[in-house]
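Observations on the model geometry
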Amino acid sequence: MTNQYMNNLYRDLLSNSPQTITIDIPTDMGTGQISQIVTKQGAVVSDWRMNYFSDMNVQGVSSEEYIQMLFCFNDGVSWNIADNRKSASIQKGESCIYRGHGKMEYLCYSKKSDFLFKNVKIPLSYFYKILNDYFEAGEIEVYQKKLLDGISKVNITPYMERIFAELKDFTQYRGGLGYLFLESKVFELLSVYLSEVLELSILASTYVAISRSDRDSIIEAKRIIDSQLALAPSCEELARQVNISTSKLTKGFSSLFGTSVHAYVIDQRLEKAASLLLESNLNVSQVAILVGYSKASNFAAAFKRKYGVNPKNYKAEATIG
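The paragraphs below set out a description of the structure included in this document.

**Quick word on unusual backbone geometry**
Positioned with a positive phi, Lys 112 is a non-glycine residue whose angle comes to about 55°. Inspection of the secondary structure assignment puts Lys 112 in the loop between strand E9 (104-109) and strand E10 (115-123). Given a relative accessible area of 68%, Lys 112 falls into the exposed group. Positive phi values are uncommon outside glycine, yet Asn 243 reaches one of about 60°. Of note, Asn 243 is situated in the loop between helix H7 (235-241) and helix H8 (246-257). Exposure remark for Asn 243: the relative accessible area of 70% places this residue in the exposed category.

**Regarding helix H6 (residues 212-227)**
For H6, spanning 16 residues, the distance from its first C-alpha to its last is 23 Å, which sits close to the expected 22 Å at 1.5 Å a residue. Those residues of H6 not exposed but buried are Asp 214, Arg 215, Ser 217, Ile 218, Ile 219, Ala 221, Lys 222, Ile 224, Ile 225 and Asp 226.

**Here we look at the packing of aromatic side chains**
Under the definition given, this model contains 15 aromatic pairs. Note on Tyr 126 and Phe 187: the rings are 6.4 Å apart at their centroids and 50° apart in plane angle, and the pair reads as tilted. Residue Tyr 126 is found in helix H2 (residues 124-134), and its partner Phe 187 is found in helix H5 (residues 176-207); the two are separated by 61 residues along the sequence. For Tyr 126, a relative accessible area of 10% corresponds to the buried category.

**Observations regarding the pattern of salt bridges**
A complete count under the given rule lists eleven salt bridges for this structure. For Arg 49, the salt bridge is made with Asp 47, and the minimal N-O distance between the two is 3.0 Å. Of the charged contacts in the structure, one is a salt bridge between Asp 214 and Lys 248, with a shortest N-O distance of 3.4 Å. In this pair, Asp 214 sits in helix H6 while Lys 248 sits in helix H8, placing the two residues 34 residues apart along the sequence.

**So, the packing of H6 against helix H9 (residues 261-279)**
At a minimum axis distance of 10 Å, the contact between H6 and H9 shows a crossing angle of 30°. In this structure, H6 crosses over H9, and the sense of that crossing is right-handed. Between H6, through Lys 222, Ile 225 and Asp 226, and H9, the contact on the second element is made entirely by Val 261, Tyr 264, Val 265 and Gln 268.

**So, the state of the cysteines**
One pass over the structure, following the stated rule, counts zero disulfides. Free of any disulfide, Cys 72 has its nearest cysteine sulfur in Cys 96, 9.3 Å distant. We classify Cys 72 as buried; its relative accessible area is 0%.

**Observations concerning the environment of Tyr 109**
One can find Tyr 109 in strand E9. Among the residues examined, Tyr 109 registers a relative accessible area of 10% and is labelled buried. A sequence separation of 59 residues divides Tyr 109 from Met 50, and the C-alpha atoms of the two residues are 9.0 Å apart. Discounting chain neighbours no more than four positions away, the residues touching Tyr 109 are Met 50, Tyr 52, Ser 54, Asp 55, Met 56, Val 58, Val 77, Phe 115 and Phe 117.

**Things to note about the environment of Leu 231**
Along the chain, Leu 231 turns up in the loop between H6 and H7. Taking the relative accessible area as the measure of exposure, Leu 231 reaches 70% and is therefore exposed. For Leu 231 and Tyr 293, which are 62 residues apart along the polypeptide, the C-alpha to C-alpha distance reads 9.5 Å.

Calculation notes
Residues numbered from 1 in each chain as written. Predicted model: local features only at pLDDT ≥ 70, side-chain atom pairs only at ≥ 80, totals over all residues. Heavy atoms only, no water. Helix = DSSP H or I, 4+ residues; strand = E, 2+ residues; numbered from the N terminus. Buried < 20%, exposed > 50% of the residue type's maximum accessible area, 1.4 Å probe, protein only. Expected span 1.5 Å × (residues − 1). Phe/Tyr/Trp six-rings, centres within 6.5 Å; stacked < 30°, edge-to-face > 60°. Salt bridge = Lys/Arg side-chain N within 4 Å of Asp/Glu carboxyl O. Axes fitted to C-alpha atoms, helices over the stretch in contact; angles between N-to-C directions. Left-handed = near helix turned anticlockwise from the far one by under 90°. Contact = heavy atoms within 4.5 Å. Disulfide = S-S within 2.5 Å.

Quick look at the structure:
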């Protein structure tokens, strides 16, 4: 009786676990596949990997019922929006967030290009509930205006990459736990995105006494760091590149982001390193070099200060945990 009960329970857990639906690209058209998972709240997380033998023209209506977050990890693409004569594009290392507009979009995938996109669609009703549950009226007004009236773009950060790397771990959980894990990652990703798109470019202008031009320069400096972590420029070089004084950059960076330029670089390098250690077979010395450390010993010491474990043991302990 007990064995039958446990067998039934396990079967029910499996049937109630999040399911990944996968569609292969037809072999006469190209290679790759599109996969997606749907959470209990109706958020859709999808992965698009495609390489077509010839230019592929596609069209479709962007549903008004969703907030879209699109991430480009390889070759970029552009698309046109019907009626209003607008166009949009996204390149490698970029992401964008926007509300569907209910209009036809026309898009061309160039032949022999390696496309790798990740997309998160959040039902508009669910998004409004999140805003109402967690934000004040003034914040909600700003957020809605920014997200519902255009396309906001931001560079993909190491933190975002880490969330996507962890998303696949939902398969370790059965039944409702799998959905709970997925929902938590969608929440985390949205939190990071709202921080990047909104707080840094809009809310900061309200609460921090920095001129608009200086603020834009400081945000651009952060983007430069994110795009070349291993070879991040010095404060002096960064200031020169974004056309601002070094003192304004250092003071403004701390005011906007709550940390110094140097501390931010170190933290992002270590987050990237943690991701590499989990996802690749690279050794500690190789990872150290890839994230900008010339000496593995310096890297190991910094890594242990942040994560409380030596980098060579990080993957094993994370797996156990």
